[in-house]
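# Descriptive analysis of the structure
So the chains spell out like this:
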Amino acid sequence: MNKPEVPIEVDPQTATWAVDGVPMILVPRHFWVAVHRETEAAFGVEANADILFKAGYWAALEWCKKEAGTHGLSGTAVFEHYMKRMTQRGWGRLSLLEIDAEAGRARVRLDHSAFVAEYGRDGGRSVCYMFTGPLCGGMKFACADSDRPRTLQAREVQCAANGADYCLFEVEPAE
Ligand SMILES: [Zn+2]
């Protein structure tokens, strides 16, 4: 097993974990997906997707702002860095296939999704919708940085839990 490439710092006093100065918590994947299953059961898939979109969108924007400052990155380089860090944090292997900040469009491939791993490849539906908020938030940052602020939307166009070889997301302008 390779050591994680992501630089984890643990404060010896408080036991707080951080990566690039951003506080983190390490949780079992099955715990996070159990939360997901329970919120789906309580509120329905649509409402759960809406809640996760808003939270993920906001968190991605905040993360990108901080990381841009920490690493001196801007525009699409921040988005690329974001895909790398999400991959390193165990969400799955995210590959940026296309990005056009001017047009507000991106295509992102996801292999070995943490959600597919927990739900199984025979889930019968797309299960990785949590990524849509983070992808829109990350693209929002990249677009704003290139002076083209936009409202964005994203969808998982195919999912490995629903017959596809890998998961695929498309981000595009909502207007
Ligand atoms: Zn998927």
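Residues numbered from 1 in each chain as written. Predicted model: local features only at pLDDT ≥ 70, side-chain atom pairs only at ≥ 80, totals over all residues. Heavy atoms only, no water.

## Details of the coordination of the zinc ion
As a reminder, the rule being used: Metal donors were taken as nitrogen, oxygen and sulfur atoms no farther than 2.8 Å from the ion, or 3.2 Å where the ion is Na, K or Ca. Water is excluded, so coordination may look unfinished. Tetrahedral means four donors with every angle between 85 and 135 degrees, whereas square planar (four donors) and octahedral (six donors) require angles over 155 degrees between opposite donors and between 65 and 115 for all others; sites fitting neither are termed irregular. Exposure is judged per residue with a 1.4 Å probe applied to protein chains only, and the accessible area is read against the type maximum: over 50% gives exposed, under 20% gives buried, and values in between give partly exposed.
All of the protein donors around the zinc ion are C128 (SG), E156 (OE), C159 (SG) and C167 (SG); their distances to the metal are 2.0 to 2.3 Å. In this structure, the zinc ion is surrounded by 4 donor atoms whose angles at the metal cover 100 to 116 degrees, and the resulting shape is tetrahedral. Spacing between the donor residues of the zinc ion along the chain follows C-x27-E-x2-C-x7-C. With a relative accessible area of 2%, C159 lands in the buried category.

## Some details on the packing of helix α2 (residues 45–71) against helix α3 (residues 76–88)
How we decide: Only the stretch in contact is used when fitting a helix axis, every axis being a line fitted to C-alpha atoms; angles between N-to-C directions are given from 0 to 180 degrees. Runs of E in the DSSP output that reach at least two residues are strands. Runs of H or I that reach at least four are helices, and both are numbered from the N terminus. Under this scheme an angle from 65 to 115 degrees is roughly perpendicular, one under 35 degrees roughly parallel, and one over 145 degrees roughly antiparallel; angles in between are oblique. Contacts are assigned to residue pairs with any non-hydrogen atoms lying within 4.5 Å of each other. As a working rule, the residues Ala, Val, Leu, Ile, Met, Phe, Trp, Tyr, Cys and Pro are called nonpolar, Asp, Glu, Lys and Arg charged, and the rest polar, with Gly in that last group.
Running from amino to carboxyl end, α2 crosses α3 at an angle of 105 degrees, the nearest separation of the two axes being 10 Å. Taken together, α2 and α3 sit at an angle that is classed as roughly perpendicular. Residue-level contacts link A60, W63, C64, E67, A68 and H71 of α2 to V78, H81, Y82 and R85 of α3. Here the contact of α2 with α3 is built from residues that sort into 6 nonpolar, 2 polar and 2 charged.

## Overview of the pairing of strand β4 (residues 93–100)
Filter applied, for reference: Only strands joined by at least two bridges in the DSSP assignment are considered to pair.
Bridging between β4 and strand β5 (residues 105–111) involves 7 bridges; their strand directions are antiparallel. Paired with I99 across the strands is A106, a residue of β5.

## Re a nonpolar patch on the surface
Applicable threshold: Only residues whose relative accessible area exceeds 30% and that form no salt bridge enter a patch; like-charged residues are grouped when within 9 Å of one another, and nonpolar side chains (Val, Leu, Ile, Met, Phe, Trp, Tyr) when within 5 Å. All accessibility values rest on the Shrake-Rupley procedure with a 1.4 Å probe; residue burial counts only the protein chains present in the view. Only one rule defines a salt bridge in this text: a Lys or Arg side-chain nitrogen within 4 Å of an Asp or Glu carboxyl oxygen.
Taken together, I8, V10, W17 and L26 make up a surface patch of nonpolar side chains, about 380 Å² in accessible area. By the secondary structure assignment, L26 is in the loop between β3 (22–24) and α1 (29–43). Classification of L26 by relative accessible area gives exposed; the value is 66%.

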